[in-house]
Amino acid sequence: MSSRKLAVVSAGLRVPSSTRLLADQLAAATLRVLREQGVEASSDVIELRDHAHDLTNNLLTGFPSATLRGAIDTVVEADGLIVVSPIFNASYSGLFKTFFDVLDAGSLAGKPVLMGATGGTARHSLALEHALRPLFAYLRSIVAPTAVFAASEDWGTDGGDGRALRERIDRAAHELARLIGDRHPDSPLDPFDAPTPFEQLLAAR
Amino acid sequence: MLQHLADGRVDLMMGRGNTGPVYPWFGQDIRDGIPLAIENYALLRRLWREDVVDWEGRFRTPLQSFTSTPRPLDGVPPFVWHGSIRSPEIAEQAAYYGDGFFANHIFWPKEHFVRLINLYRRRFEHYGHGAADRAIVGLGGQVFVRRNSQDAVREFRPYFDNAPVYGHGPSLEEFTEQTPLTVGSPQEVIDKTLKFREYFGDYQRQLFLMDHAGLPLKTVLEQLDLLGEEVVPVLRKELDALRPAHVPEAPTHASLKAAADLVTAREAHAEEMVR
């Protein structure tokens, strides 16, 4: 089997960022599971902070800069996607949403996706279910049943040992690995390479 | 009518309008943009070419024994360009009829327009109108020019930064790099414009957007003078010298009429031979 590619999208804003930390752990776990199954795999991380200006410019001009184009291609061409956002005001961050807003329609259809989010307290954890999951359902992605939320206490404060988070990451990674393994990537028809013949356009009316 | 008034100096360029609010002005829905463009143009072609038309379609009431007047000047409809920013269907439409294709060019990077124009050229050949490099291509461009490059940048930047289309987004430098926008001296405009043919192949028409970003009228008029005096004559000369002999000029009323007359003469001759 050919090598599989993971794209990891992190919308963390600070350095170091707990959002990035969660993204890295999800990616490492998924790669580990894939390799255990004899699947060669690699991952690329997209830090949305690096593209913040370009994302706003894309909203205004309608096209991505060459750098942002590269990031978009990485995500669209990946066999699986890990997406992690901080929870702001009960939802994904604006930066996170903007990235998915500038993708072409249908770009993520059929794409295996593992969702993660971070926040100050576990009270925000259901934002994954009421904000992120509908977004990826709309984009027609195949979303892993387990979504992973990490709150401050999961990083070893408050007497926690982080085991619960590790187990959740592991479960989610297995689910994503299975989705990737089941996937038979189809290359969608490129309308610039294979246009609808004009007779068909004429007859459509 | 315009064609008669202008004594044939008319091309028709069609564009669909790219924002939602435009369509309801005409009682239409933007989601029908492509089907409208296809049906309406198919009808227009018949109205020009057939004296009496019976027609039925999806977007307007049927026509019965309808004659559109005035008839095209000398029986020759104007040359048509189909303009597009992103729709492959419009490139396909232009190619199917062997009409001209005008790529907006100014809003998006060249990589996108290379694909769009290559699609048009390939399909032009597919539909039997001639080799791909003989297809009729027009390009947009936008410039702000002053004799001195630094003056151009200094004067244009505040307009750019607040322009309706690209304002408050990318910097002038970024946008200049990503799109055909040129802000500088006449020589810089000439140099950048001459590069276009390297990406898109030899092409027939270059349109420049001059009245943009809220420039005052006086400035726009100065821009037209500079363009007409220092840029266009050089571009014409250089592009003519670079264009290979087999690449045709864009059709004019005279050349379309001559081609039509030739067909008529051949038909008459063939008829003569049969007799």
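Every chain begins its residue count from 1, and numbering advances along the sequence as written. To read the labels, note that chains go from A and ligands from 1, taken in the order they are written. Predicted model: local features are reported for residues with pLDDT of at least 70 only, side-chain atom pairs are reported and counted for 80 or more only, and whole-chain, interface and lining totals are derived from all residues.

A short note on the overall build of chain B
Each helix is a run of H or I in the DSSP string that is no shorter than four residues. Each strand is a run of E no shorter than two, and both are numbered from the N terminus. Across its full length, chain B holds 9 helices and 9 strands. Projected onto its principal axes, the C-alpha positions of chain B cover 70 × 45 × 35 Å. A buried classification covers 28% of the 275 residues belonging to chain B. Here, residues touch in the contact sense if the C-beta positions derived from the backbone fall within 7 Å of one another. Long-range contacts, defined here as pairs at least 24 residues apart, represent 62% of the contacts in chain B between residues at least 6 apart. Counting other C-beta atoms within 10 Å of a residue's C-beta gives its exposure: the residue is buried at 20 or more, exposed at 12 or fewer, and partly exposed in between, where C-beta atoms are placed from the backbone.

With respect to the packing of helix 1 (residues 18-36) of chain A against helix 6 (residues 163-182) of chain A
Residues and elements named next belong to chain A. Remark: helix 1 packs on helix 6, axes separated minimally by 8 Å, with the N-to-C direction vectors making an angle of 55 degrees. On the basis of their axis angle, the class for helix 1 and helix 6 is oblique. The hand of the helix 1/helix 6 crossing is right-handed. For the pair formed by helix 1 and helix 6, the contact residues are Gln25, Leu26, Ala29, Thr30, Val33 and Leu34 on the first element and Ile169, Asp170, Ala172, Ala173, His174, Leu176, Ala177 and Ile180 on the second. Charged residues are taken to be Asp, Glu, Lys and Arg, nonpolar residues to be Ala, Val, Leu, Ile, Met, Phe, Trp, Tyr, Cys and Pro, and polar residues to be all remaining types, Gly included. Of the residues that constitute the contact of helix 1 with helix 6, the class distribution is 10 nonpolar, 3 polar and 1 charged. Orientation is described by lines fitted to C-alpha atoms, with helices fitted over the stretch in contact, and by angles between N-to-C directions that extend from 0 to 180 degrees. Roughly parallel means an angle under 35 degrees; roughly antiparallel, over 145; roughly perpendicular, 65 to 115; everything else is oblique. A crossing counts as left-handed when the near helix is turned anticlockwise from the far one by less than a right angle, and as right-handed when that turn is clockwise.

Examining the confidence of the model for chain B
Residue-level confidence of the predictor is summarised by pLDDT, bounded by 0 at the bottom and 100 at the top. Here chain B shows a mean pLDDT of 94. Residues at 70 or above account for 100%. Scored by ipTM, the complex comes to 0.81, with pTM at 0.87.

As for the interface of chain B and chain A
The extent of an interface is frequently quoted as the accessible surface area lost upon association of the parts. In this complex, chain B contributes 24 residues to the contact, which on the side of chain A involves 16 residues. Of all elements in the fold, only helix 2 (33-49), helix 3 (88-97), helix 4 (110-126) and helix 6 (172-178) of chain B reach the threshold of two or more residues within the side of chain B that touches chain A. When residues of the side of chain B that touches chain A are assigned to their parent elements, the largest contribution, 5 residues, is made by helix 3 of chain B. Among the residues making up the side of chain B that touches chain A, the classes are represented as 12 nonpolar, 5 polar and 7 charged.

Brief notes about the nonpolar core
Definition of nonpolar core: a set of buried Ala, Val, Leu, Ile, Met, Phe, Trp, Tyr and Cys residues joined via C-beta atoms within 7 Å. Residues Val9, Leu26, Ile82, Met115 and Leu132 of chain A are the most contacted members of the largest nonpolar core, which totals 53 residues. It is helix 6 of chain A that contributes the most residues to this core, 8 residues altogether. Dropping the residues within four chain positions of it, leucine 132 of chain A is found in contact with Ser85, Tyr92, Met115, Ala117, Ala127 and Ala147 of chain A. Ile90, Ala95, Trp108 and Tyr120 of chain B belong to the second-largest nonpolar core, a separate cluster that totals 31 residues.

Some details on the sheet that holds strand 9 (residues 205-206) of chain B
Residue and element names in this part refer to chain B. Pairing is parallel across the open sheet formed by 5 strands, whose spatial order is 1-4-5-6-9. The two strands at the open ends of the sheet, each matched to only one other strand, are strand 1 (11-14) and strand 9. Docked against the sheet, helix 4 engages strand 4 (79-84), strand 5 (100-103) and strand 6 (137-139), running at close to 175 degrees with respect to strand 5. Think of it this way: DSSP has to see at least two bridges between two strands before they count as a pair.

Examining unusual backbone geometry
Here the amide bond leading from valine 15 of chain A into proline 16 of chain A is cis, since omega sits at -5 degrees, within 30 degrees of zero. If you trace the backbone, proline 16 of chain A turns up in the loop between strand 1 (4-10) and helix 1. With omega at -5 degrees, the peptide bond leading from threonine 69 of chain B into proline 70 of chain B counts as cis. Looking at the element boundaries, proline 70 of chain B is found in the loop between strand 3 (63-66) and strand 4. A positive phi angle, near 45 degrees, is found at asparagine 89 of chain A, a position not held by glycine. Relative to the helices and strands, asparagine 89 of chain A resides in the loop between strand 3 (80-88) and strand 4 (91-92). Within the chain, histidine 105 of chain B stands out as a residue other than glycine whose phi angle is a positive 70 degrees.

A closer look at the pairing of strand 3 of chain A
All names here are of chain A. In terms of residue burial, strand 3 counts as a mostly covered element, since 8 of its 9 residues are buried. Sheet topology places strand 1 next to strand 3; 5 bridges connect them, and they run parallel. When the bridges of strand 3 are listed, leucine 6 appears paired with glycine 80. Relative to strand 4, strand 3 runs antiparallel, the two being bridged by 2 bridges. Bridge assignment links phenylalanine 88 to a residue of strand 4, and that residue is serine 91. Count of turn residues in the strand 3/strand 4 antiparallel hairpin: 2 residues, of which asparagine 89 carries a positive phi of about 45 degrees.

Thoughts on helix 8 (residues 217-242) of chain B
All names here are of chain B. How far a helix is expected to stretch is found by multiplying one less than its residue total by 1.5 Å. Helix length check: helix 8, at 26 residues, gives a terminal C-alpha distance of 35 Å against a target of 38 Å (1.5 Å per residue), a fit within 8%. At valine 231, helix 8 is bent by approximately 40 degrees, the largest bend along its length, and proline proline 233 sits one to four residues beyond. All buried positions along helix 8 are accounted for by Gln223, Leu226 and Val231. Summarising the contacts, the buried residues of helix 8 are in contact with strand 7 (143-145) and helix 7 (186-200). In this analysis the local bend is the angle between axes fitted, respectively, to the seven residues ending at and the seven residues starting at the residue.

Topic: the environment of glutamine 150 of chain B
Examined against the element boundaries, glutamine 150 of chain B turns out to sit in helix 5 (residues 149-161). Between the C-alpha atoms of glutamine 150 of chain B and glycine 167 of chain B, which are 17 residues apart in sequence, the distance is 20 Å.

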